[in-house]
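Here is what each chain is made of, one letter per residue.
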Amino acid sequence: MKPYRSMLFVPGHKSSWAEKGVAAGADALILDLEDAVPAADKAEARSLVRETIGRLGGEDTRADLWVRPNSFDSGLFGADVEAVVVAGLAGLVLPKVFSAQEIVRIDAIVSHIEEREKLAPGSVGLIITYETAESMARCEEIAAASPRIASLLGGTGPNADVGRSLGFEFTVEGLESLYVRSRIILAARSSGLHHPLTGVWQDLKDLEGFRRFAEDSRRLGYRGMMCIHPSHVAPSNEIFTPSAETVSFYRRMVEAFRKAEADGHGAVDFEGMHIDLAHARTAEGIIELADAIGA
């Protein structure tokens, strides 16, 4: 999956808001059929989301289009995916997952619709949202359940489903969720998923709190944020983009190591630091991330 520094939720029944999300600079939009849509509007939201994908999916826009359907056990999932798995859809953000078997079944359903719609096999990705105690307890198994899985969401923001399911009280310091956030990072990396996501920050007025939450998540290993408001997109993009100074530093590091390597040395003193192949590989990873974002 390409790196998404920001994925912005857009209520499915508010189709005109999608353009606002694109204008805000979000790397991806999540057209929401779940919590953001009242029960009475869900049927209409499906058709509006399908129309939005048709309208924006074929345009030369930077933002990829994802859909959050209703959960697999809601009784609404089938109708949701029947409506939205069409050309232009990048994938599905799956809420309230419970088990790996659930993912296997979803994979089979999506495969059937892909074939029917003449979409490339495996082209519809999945992002797993860990919002239940059951999914947290099985996060490694779930992360490896399908080759469609593109990323994992470690969503531990204030007053959300995760806190209710696990029973913790949110703090900005995050010690109450450090274990599960770290475990999701491990599950992602061990399954070859290099761009795990965090979220969701709900206080629209507290941008400093948002920045701290995002920066702490980046340090832990997350590579992007799911956002609920356009005002969060710019700071999210900034925080999850390696700075020019950082990239320059790592380019110099790689250059110094490769020169030393060519001269027959396995390690070198670089700007007062002892570096070897491990450091050069870390540097190359940061450079690749920055290049992917720039592309």
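The structure this text deals with has already been given above.
Keep in mind that what you see is a predicted model, and the values were worked out from it rather than measured.

## Description of the pattern of salt bridges
Consideration 1: The full count for this structure, using the stated rule, is 23 salt bridges.
Consideration 2: One salt bridge in this structure joins Lys-96 and Glu-34, with 2.6 Å as the shortest N-O distance. Here Lys-96, found in the loop between β4 (91-94) and α4 (100-117), pairs with Glu-34, found in the loop between β2 (28-32) and α2 (42-56); they are 62 residues apart in sequence, far enough to count as distant. Taken as a pair, Lys-96 and Glu-34 share a single burial class, namely buried.
Consideration 3: Among the salt bridges present, the one from Arg-258 reaches Glu-284, with a minimum N-O distance of 2.7 Å. Separated by 26 residues along the polypeptide, Arg-258 in helix α11 (residues 244-262) and Glu-284 in helix α12 (residues 277-294) bring together distant segments of the chain.
Consideration 4: By relative accessible area, Glu-284 is classed as partly exposed at 25%.
Consideration 5: Three or more residues joined by partner-sharing salt bridges are found here, namely Asp-32, Glu-34, Asp-35, Arg-68 and Lys-96.

## Observations regarding the environment of Thr-52
Consideration 1: Here Thr-52 shows up in helix α2.
Consideration 2: In this structure, the C-alpha to C-alpha distance between Thr-52 and Gly-12, residues 40 residues apart in sequence, is 8.9 Å.
Consideration 3: For Thr-52, the contacting residues outside a window of four places in its chain are Ser-15, Ala-18, Leu-31, Gly-57 and Leu-65.

## Some remarks on α11
Given 3.6 residues per helical turn, the α-helix brings residues three or four places apart onto the same face.
Consideration 1: An ideal rise of 1.5 Å per residue puts 27 Å on 19 residues; α11 measures up with 27 Å between its terminal C-alpha atoms.
Consideration 2: Burial in α11 covers these residues: Val-247, Tyr-250, Met-253, Val-254, Phe-257 and Ala-260. Angular distribution of buried residues about the axis of α11 spans 155 degrees; they occupy a single face of the element. Exposed side chains of α11 directed beyond 90 degrees from the buried face belong to Ala-244, Glu-245, Glu-255, Lys-259 and Ala-262.

## As for the side chain of Ser-135
Consideration 1: For Ser-135, the location among the structural elements is in helix α5 (residues 133-137).
Consideration 2: The exposure class assigned to Ser-135 is buried, which follows from its relative accessible area of 0%.
Consideration 3: Those residues within four positions of Ser-135 in sequence are excluded, and the remaining contacts are Val-97, Phe-98, Tyr-130 and Ile-142.

## Re unusual backbone geometry
Consideration 1: Following Gly-199, the chain continues into Val-200 via a peptide bond in cis, with omega recorded as -10 degrees.
Consideration 2: The residue Val-200 is located in the loop between β7 (197-199) and α9 (207-220) in this model.
Consideration 3: Residues other than glycine seldom take positive phi values, yet Glu-271 does so here, at roughly 50 degrees.
Consideration 4: Mapped onto the secondary structure, Glu-271 falls in the loop between β9 (267-270) and β10 (273-276).

## Let's talk about the packing of α11 against α12
Consideration 1: Interhelical geometry of α11 versus α12 gives an angle of 140 degrees and a closest axis separation of 9 Å. By the angle between their directions, the pair α11 and α12 is classed as oblique. The handedness of the crossing between α11 and α12 comes out as left-handed. Taking contact as the criterion, the partners of Thr-246, Val-247, Tyr-250, Arg-251, Met-253, Val-254, Phe-257 and Arg-258 in α11 are, on α12, Leu-277, His-279, Ala-280, Ala-283, Glu-284, Ile-286, Ile-287, Ala-290 and Asp-291.
Consideration 2: Its residues placed into classes, the contact of α11 with α12 shows 11 nonpolar, two polar and four charged.

## Quick look at the environment of Met-273
Consideration 1: Here Met-273 lies in strand β10.
Consideration 2: Taking relative accessible area as the criterion, Met-273 reaches 35% and is therefore assigned partly exposed.
Consideration 3: Note: C-alpha distance between Met-273 and Ala-290 (17 residues apart in sequence) is 23 Å.
Consideration 4: Sequence-distant contacts of Met-273, defined by excluding residues within four places in its chain, comprise Phe-249, Met-253 and Val-268.

Here is what the cut-offs are and how they apply
Residues numbered from 1 in each chain as written. Predicted model: local features only at pLDDT ≥ 70, side-chain atom pairs only at ≥ 80, totals over all residues. Heavy atoms only, no water. Salt bridge = Lys/Arg side-chain N within 4 Å of Asp/Glu carboxyl O. Helix = DSSP H or I, 4+ residues; strand = E, 2+ residues; numbered from the N terminus. Buried < 20%, exposed > 50% of the residue type's maximum accessible area, 1.4 Å probe, protein only. Contact = heavy atoms within 4.5 Å. Expected span 1.5 Å × (residues − 1). Arc of directions from axis to C-beta. Axes fitted to C-alpha atoms, helices over the stretch in contact; angles between N-to-C directions. Parallel < 35°, antiparallel > 145°, perpendicular 65-115°, else oblique. Left-handed = near helix turned anticlockwise from the far one by under 90°. Nonpolar A, V, L, I, M, F, W, Y, C, P; charged D, E, K, R; others polar.

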